[in-house]
Amino acid sequence: MEDTRDLGPADPFLDRSVPSLAPPVRRLRPDRRPVPVPVKPEDDPLIPVRDAAAGPERMRVENLTIRYGGEAAVKDVSLSIHQGQVLALIGPSGCGKTTLLRTLNRLTETTTSATREGDVLLDGEEIEQISVTALRRRIAMVFQQPNPFPMSIFDNVAYAIRVQNAKRPGRREIEHQVVDALRRAGLHDELAGDLDRPALRLSGGQQQRLCIARAIATKPEVLLMDEPCSALDPKSSAIIEDLIAELRRELAVVIVTHNLAQAHRVADKVAFMYLGDLVEYGDVDQVFGAPRAQRTRDYVEGAFG
Amino acid sequence: MSSFAVRLRPAGGPWTDRQAAWRLGAVACLVLLIIVLMVVFVAVRAWPTLQHNGGLAWLGHGGDVDRQVNGMITTSRTPPATAYHLKAWPLVYGTLLTTLVAVAVGLVFAVFSAIFIVEFAPRRLRTVVVPAVRLLAAVPSVIYGLIGILVLAPFVGRHLITPERRASVQFIVQLDGTGVLVAVVILTVMITPIMIAIIVDALIAIPSGWREGASALGANRWEAIWGVSVRAARPAIVAAAVLATARALGEAVMISMVSGSRGFSPKPQDGVTFLFEPIRSLAASMVENVDAINAPAIRSTVYAFALLLLLSSLVLSIGGYVAKLPMRRQGIRI
């Protein structure tokens, strides 16, 4: 299917056809072009049919409101998160995307002034009913700044496995798990078998993939990513985007991003948030191609934010 | 005012990089030179003691070290070789015992209180406690000595040492309250604040992303702190221990006040009595022999003690450096 839309000036950093940027990993959506230029719904002949089979619903957010003190950072948000899908949260800075994300694994609780109304369900169970450590084992998270611990690569991944076991397993018991996680994060081949290197000596992109390996080592059901590429160069970002496309087959991914092109590339569903409100929530092509709300249209056109 | 400010600038304008390198390098070399000269000077002055005791044999044990030292006072201007004879083990033992126990106990207290201050204490408490700890770290040691000898030692002597215990050893040593227990307690109290201050600074400097990352992996608060923050702060913990050990090794007046100041080696086999028996450290011995410093044998002996302390601080610095090497390899730079 040939895309005949006017794509605007090509951005060399975002154009994935540049050979040096194209990783050998299979692209999930080769037809997805980076520049999100919305067209009027009536001019768009077809909204592409999603090829990702949406799996079972993993999480459901119902009428969620988060307040810091008296001020609501997230207002009455409802959405659902499915296995096999990538949900991108987009919107201007300070509009509650990260707060929403951090609520999903109860990290907002570490801010003492934060209060929550509404429900967040994981597999039908209210997340407050699940112990916080058990919850975070099922809902892993990758942060904006790569934060590998000051240990060896092996120990970084092993930390996740060890902290989730009552009895600290030895190196030999968990070696295959560590290697498997590094392989799934696309880092294993680059390391050439040397897992005892200090994690902090890796490049920024490698560090972030190590953090992803650490997060997925214990097979969580949901992976939360808070602007995982914002501290990375374009090439590393491209590798991570491919990784996300791979990972979504085994788990549900929620990603906060300021990069609309990235959201367009990786997401299946998009939620546009503005000043704490969930303005629009739908399939990626609908939100970018035929936004219902004027504010969404302005934002994806780059009018503000 | 402005002309004064102008004159503060170097005459030839700001230093060039080359000038800065040479001048700062010269200052650094001067410091190094002074240290080397000091060690050499002390070693030369200590030489008679080393020579007449057959190298390091004087560190061994045998006889009463106090009596040996007192015997040196009466000797003439050019004393015979026998006047230098000394078996300094009780003093070395007293130094090691007080220092090691105080540092070990103090370190445990320091690590846990630093964790509490940084991670668990309410913010308001923290703003009070941290400056207080720094203040304690700066209290002159003689004040701790004063409290030890005026408050703690009389208390121990009156309430903890039973008359039977006192009578049981009355022909060997006098138990008056001063001794191992009071010395170690006071020394621990003295060196713990500086360790707390160093470890608190290190824990505050740990990037919050590490702790948050650990929490997000399902670690509870303690696991995140112990497994990541404290682990990453290990270089600071080593540095704190080294600094505290150096302070404890060199502590003279305070130990002299509260240790009972006898060249005696209490035996742990003695049970509880061990805690009340007197000791004396090398540094305290140096201070106490100042009166008799004009006797050549004593002077040389005091220099030999000084040499021992200098070398142990050297070993301490190198040991701290070596201990931090594997952590530095992991990229920990705190």
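The rules behind these values
Residues numbered from 1 in each chain as written. Chains lettered and ligands numbered in written order. Predicted model: local features only at pLDDT ≥ 70, side-chain atom pairs only at ≥ 80, totals over all residues. Heavy atoms only, no water. Axes fitted to C-alpha atoms, helices over the stretch in contact; angles between N-to-C directions. Helix = DSSP H or I, 4+ residues; strand = E, 2+ residues; numbered from the N terminus. Left-handed = near helix turned anticlockwise from the far one by under 90°. Contact = heavy atoms within 4.5 Å. Expected span 1.5 Å × (residues − 1). Buried < 20%, exposed > 50% of the residue type's maximum accessible area, 1.4 Å probe, protein only. Arc of directions from axis to C-beta. pLDDT = per-residue confidence, 0-100. Buried area = accessible area lost by both parts, 1.4 Å probe. Salt bridge = Lys/Arg side-chain N within 4 Å of Asp/Glu carboxyl O. Polar contact = N/O pair within 3.5 Å; in protein donor to acceptor, adjacent residues only side chain to side chain. Nonpolar A, V, L, I, M, F, W, Y, C, P; charged D, E, K, R; others polar. Pairing = 2+ DSSP bridges.

### Describing the packing of helix H6 (residues 141-160) of chain B against helix H8 (residues 180-205) of chain B
Residue and element names in this part refer to chain B. The contact between H6 and H8 brings their axes to 9 Å, and the two run at 145 degrees. H6 and H8 meet at a crossing whose hand is right-handed. Only Leu181, Val182, Val185, Ile186, Val189, Met190 and Pro193 of H8 make contact with H6, whose side of the interface consists of Ser141, Tyr144, Gly148, Leu152, Ala153, Val156 and Leu160.

### Side note on helix H5 (residues 123-137) of chain B
All names here are of chain B. With 15 residues, H5 should cover 21 Å at 1.5 Å per step; its first-to-last C-alpha distance of 21 Å lies within 8% of that length. Among the residues of H5, those classed as buried are Val130, Val133 and Ala137. In a view along the axis of H5, the buried residues occupy a sector of 70 degrees, so they form one face of it. Exposed side of H5, more than 90 degrees from the buried face: Arg124, Thr127, Val128 and Leu135 are the residues found there.

### A look at the confidence of the model for chain A
Mean pLDDT for chain A: 81, with 81% of residues reaching 70 or above. Ignoring residues within four places in sequence, the model shows residues 1-52 of chain A, a span with pLDDT below 50, making 74 contacts including any to other chains.

### Quick notes on the interface of chain A and chain B
Contact with chain A, which involves 28 residues of that partner, is made by 22 residues of chain B. Carbon and sulfur atoms supply 58% of the area that chain A and chain B bury against each other, a total of about 1900 Å² over both sides. Linking chain A with chain B are two salt bridges, by the criterion used here. Between chain A and chain B we count six residue pairs in polar contact (both at pLDDT 80 or more) in total. At the level of elements, helix H2 (132-138), strand E6 (139-142), helix H3 (153-163) and helix H6 (204-216) of chain A are the ones that each hand at least two residues to the side of chain A that touches chain B. Ranked by residues supplied to the side of chain A that touches chain B, first place goes to H3 of chain A with four residues. Residue classes in the side of chain A that touches chain B are distributed as 16 nonpolar, five polar and seven charged.

### With respect to the pattern of salt bridges
Any two side chains of opposite charge can pair, so long as their charged atoms come close to each other. The final tally for this structure, using the stated rule, is 30 salt bridges over all chains. The closest approach of N and O atoms between Arg231 of chain B and Asp155 of chain A, which form a salt bridge, is 3.8 Å. Note that Arg231 of chain B is positioned in helix H10 (residues 221-232) and Asp155 of chain A in helix H3, a pairing that runs across two chains. Looking at Arg231 of chain B, the relative accessible area reads 31%, which means it is partly exposed. On the basis of relative accessible area, Asp155 of chain A is assigned to the partly exposed category, the value being 22%. Residues Arg184 of chain A and Asp180 of chain A are paired through a salt bridge, measuring 3.5 Å at the closest nitrogen-oxygen approach. Note that Arg184 of chain A and Asp180 of chain A are positioned in helix H4 (residues 171-184) at a spacing of four residues, about one turn of the helix. Each of Asp64, Asp66, Arg262, Arg280 and Glu288 of chain B takes part in salt bridges that share partners, so that together they form one network.

### Describing helix H9 (residues 208-216) of chain B
Within H9 of chain B, burial applies to Trp210, Gly213, Ala214, Ser215 and Ala216 of chain B. Phi turns positive, to about 95 degrees, at Gly218 of chain B, one or two residues after H9 of chain B.

### Re the pairing of strand E9 (residues 269-274) of chain A
Moving residue by residue along a regular strand, the side chains alternate between the two faces of the sheet. Residue and element names in this part refer to chain A. Burial within E9 is extensive, with five of its six residues counted as buried. Examined bridge by bridge, strand E3 (residues 86-90) and E9 share four bridges and lie parallel to one another. Note that in E9 the partner of Leu87 across the bridge is Lys269. One ladder, built from six bridges, connects E9 with strand E10 (residues 277-283); its direction is antiparallel. Each bridged residue has a counterpart across the sheet, and for Met273 the counterpart in E10 is Leu278.

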